[in-house]
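Structural characterization, general
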Amino acid sequence: MPALFKSLAELLEKIEGTRKRLQMIGMAAEFLKDLEAEELEPAVSMILGRPFPKWSQKTLEVSWATLSEILRRITEVDWNIFLEAFSSTGDLGSATKAVFEKTKVKRQALLLEKALTIAEVRHTLEAIAETAGSGSREKKERLIAALLSQASPVEAKYLVKIFIGEMRTGFHEGLMEQTVAKAFEIPLATVQKASMTIGDIGEVAAMAKTEGKERLSRVVFKVFRPVKLMLAQMADDVDEALKEHGGETAFEYKYDGARVQIHKHGEEVRVFSRRLTDVTLSLPEIVETVKSNIGANEIIIEGEVIAVDNFGYPLPFQHLMRRFKRVHEIEDTAEKIPVRLYLFDVLYLNGESLISLPYLRRRQVLAENAGGIPLTTQIITKERKDAEKFL
């Protein structure tokens, strides 16, 4: 029997009601175990407040103004009830639930006709995201209204949270990785590595259920599917950094730019932002730079893009953001705000994952494949005074 969306909403209600992490993980693991493989990725994504997988470029583009107008229309309730609930909870989903509870009797007959499933909710979300062109706004509103009209109060609460991308249950991706490990009895380290490599913990969950540990341990990067960026850990000072790395470490400048992940296959190049958004169209000169300098057939590299003036000096970060937000009349903007790329890591090269290699070895591989693209300025030292002078 297909899993009901109400069961997912009720799980989220329980998770929201506790701050005990082990209890959250235990409840979520039991829930995931009972799902069919094809239900796992949609369920995991929704639990984390996402309508689609993390790597997906699909967007709902539904504003709260649109949602609130639809809610008023289908509930016909005094909107002061919503405003009072929102004032007391500070949560749009909880306020929506309060509104739906006031129209409970009116909606009961409809609920008996058909219960929402996780698969049906995903299907509707995909239809909303794919709606474009003339009349798209009205069609989107009809789809949203139809979905919410089938929802119980608790379902409506979490549908709204998914629409606005703000779950606020305290259940983050790290806890989901622990949940998947527990549900399918797979070492946490294996799940975490697979999640980083595949780019989505929901897909990892489905793979864990159907193929197990051995398959997860063999996953590789997929070009053009952006993956979670490897983030630096904070150190209070140079001494702590040296100690953490056994007395010798690499120091690099932090550029006032935007981190990017660049994927190349043959002559096709795509650029993704820190949030895994495709920004290729906004940075055509970065695409050309990669095409003309990197000969590898398949590669995933990471770097920093900075805005520069006509003399090549760095510009403040806000100038760069104007480039990232621009998707039309790019040539004019590119001429006014040129950008420069500096590379600092390579994750994948011609079918081989490199993330298990030591950083200095990856840096060497990067230098061998970067062509004329500069790498971030770096020194490797054991001496505090050298590091402080460099910084």
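Here we summarise the structure given alongside this text. Residue indices follow the written sequence of each chain, beginning from 1 at its first position. A pLDDT threshold of at least 70 governs which residues receive local features in this predicted model, and a stricter bar of 80 or more applies before side-chain atom pairs are shown or counted, although totals over entire chains, interfaces and linings include all residues. Note that water and hydrogens are dropped before the side-chain values are worked out from all heavy atoms of the structure.

1. Description of the overall build of the chain
Of the regular secondary structure elements, the chain holds 19 helices and 7 strands. Note on classification: 1.4 Å probe, protein chains only; a residue is buried when its accessible area is under 20% of the maximum for its type, exposed when over 50%, partly exposed between these limits. When the 391 residues of the chain are sorted by exposure, 50% land in the buried category. Note on definitions: a residue-residue contact is assigned when non-hydrogen atoms from the two residues lie within 4.5 Å. By sequence separation, contacts in the chain at least 24 residues apart represent 71% of the contacts at least 6 residues apart. Surface accessibility of the chain: about 20100 Å² in total, with carbon and sulfur atoms responsible for 50%. Treating the 55 positive side-chain charges of the chain as one cloud and the 58 negative ones as another, the clouds have centres 2 Å apart. Helix and strand definitions follow DSSP, with helices as H or I runs of at least four residues and strands as E runs of at least two, each counted in order from the N terminus. Per-residue and other accessible areas were derived by the Shrake-Rupley procedure at a 1.4 Å probe size, with only the shown protein chains allowed to occlude residues. His residues and chain termini do not enter the charge count, which takes Lys and Arg as positive and Asp and Glu as negative. Each charge is placed at NZ for Lys, CZ for Arg, CG for Asp and CD for Glu.

2. Here's the deal with helix 13 (residues 201-216)
With 16 residues, helix 13 should cover 22 Å at 1.5 Å per step; its first-to-last C-alpha distance of 11 Å lies more than 12% under that length. The bend reported for a residue corresponds to the angle between axes fitted to the seven residues ending at that residue and the seven starting there. The largest bend in helix 13 comes to about 100°, at threonine 210. Looking only at helix 13, the buried set comprises Ile201, Gly202, Glu203, Val204, Ala205, Ala206, Met207, Ala208, Gly212 and Leu216. For helix 13, the elements touching its buried residues are helix 3 (37-47), helix 11 (173-183) and helix 12 (188-198). Throughout this description, a polar contact denotes any pair of N or O atoms lying within 3.5 Å of each other; where both atoms belong to protein, one of them has to be capable of donating a hydrogen while the other can accept it, and for residues adjacent in sequence the pair is counted only when both atoms sit in side chains. The backbone nitrogen of glycine 202 has a side-chain oxygen 3.1 Å away, supplied by the residue at the start of helix 13, namely aspartate 200. What a helix is expected to span follows from its residue count: subtract one and scale by 1.5 Å.

3. What to know about the nonpolar core
Note on terminology: a nonpolar core comprises buried Ala, Val, Leu, Ile, Met, Phe, Trp, Tyr and Cys residues joined through side-chain atoms within 4.5 Å. Among the nonpolar cores identified, the biggest contains 73 residues, and Leu32, Leu148 and Val180 are the most heavily contacted of them. Counting 30 residues, the second largest nonpolar core, distinct from the first, contains Leu283, Leu320, Leu341 and Ile373.

4. Points about the packing of aromatic side chains
Here is the rule: rings of Phe, Tyr and Trp (six-membered ring for Trp) pair when centre to centre is within 6.5 Å. Planes less than 30 degrees apart are stacked, more than 60 are edge-to-face, and the remainder are tilted. Inspection of the entire model under this criterion finds 5 aromatic pairs. Aromatic side chains tryptophan 64 and phenylalanine 82 sit 5.4 Å apart centroid to centroid with 25° between the ring planes, which places their arrangement in the stacked category. Of the two residues, tryptophan 64 sits in helix 4 (residues 64-75) while phenylalanine 82 sits in helix 5 (residues 79-89), which places them 18 residues apart along the sequence. Taking relative accessible area as the criterion, phenylalanine 82 reaches 3% and is therefore assigned buried. Seen in terms of ring centroids, tyrosine 255 and tyrosine 342 are 4.7 Å apart; in terms of plane orientation they differ by 15°. Their pairing is stacked.

5. Overview of the packing of helix 6 (residues 92-101) against helix 10 (residues 153-164)
To get an axis, fit a line to the C-alpha atoms, keeping to the stretch in contact for a helix; angles then go from 0 to 180 degrees between the N-to-C directions. Following both chains from N to C, one finds helix 6 and helix 10 inclined at 145°, their axes separated by 8 Å at the closest point. Once helix 6 is placed against helix 10, the crossing between them reads as right-handed. Of helix 10, the residues touching helix 6 (which contributes Leu92, Gly93, Ser94, Thr96, Lys97, Phe100 and Glu101) are Pro153, Val154, Ala156, Lys157, Val160, Lys161 and Ile164. Three classes are used: nonpolar for Ala, Val, Leu, Ile, Met, Phe, Trp, Tyr, Cys and Pro, charged for Asp, Glu, Lys and Arg, and polar for all others, with Gly counted as polar. Looking at the contact of helix 6 with helix 10 residue by residue, the class counts come to 7 nonpolar, 3 polar and 4 charged. Take the far helix as the reference: if the near one is turned anticlockwise from it by less than a right angle, the crossing is left-handed, and if turned clockwise, right-handed.

6. Quick look at helix 9 (residues 136-149)
Look at helix 9: 20 Å from first C-alpha to last across 14 residues, which is about the 20 Å you get at 1.5 Å a residue. Of all the positions in helix 9, only Ser136, Lys140, Glu141, Ile144, Ala145, Leu147 and Leu148 are classed as buried. With its buried residues spanning 165° around the axis, helix 9 presents them on a single face. By arc we mean the arc of the directions from the helix axis to the C-beta atoms, nothing more.

7. Examining the pattern of salt bridges
Salt-bridge detection follows one rule: a side-chain nitrogen of Lys or Arg within 4 Å of a carboxyl oxygen of Asp or Glu. Enumeration according to the criterion identifies 23 salt bridges in this entry. Among the ionic pairs, glutamate 13 bridges to lysine 157, the shortest N-O distance being 2.9 Å. You can see glutamate 13 sitting in helix 1 (residues 5-16) and its partner lysine 157 sitting in helix 10, a full 144 residues away along the chain. Residue glutamate 13 is classed as partly exposed on the basis of its relative accessible area of 22%. One salt-bridge network, held together by shared partners, links Glu13, Glu16, Asp91, Lys97, Lys157, Lys161, Glu166 and Arg168.

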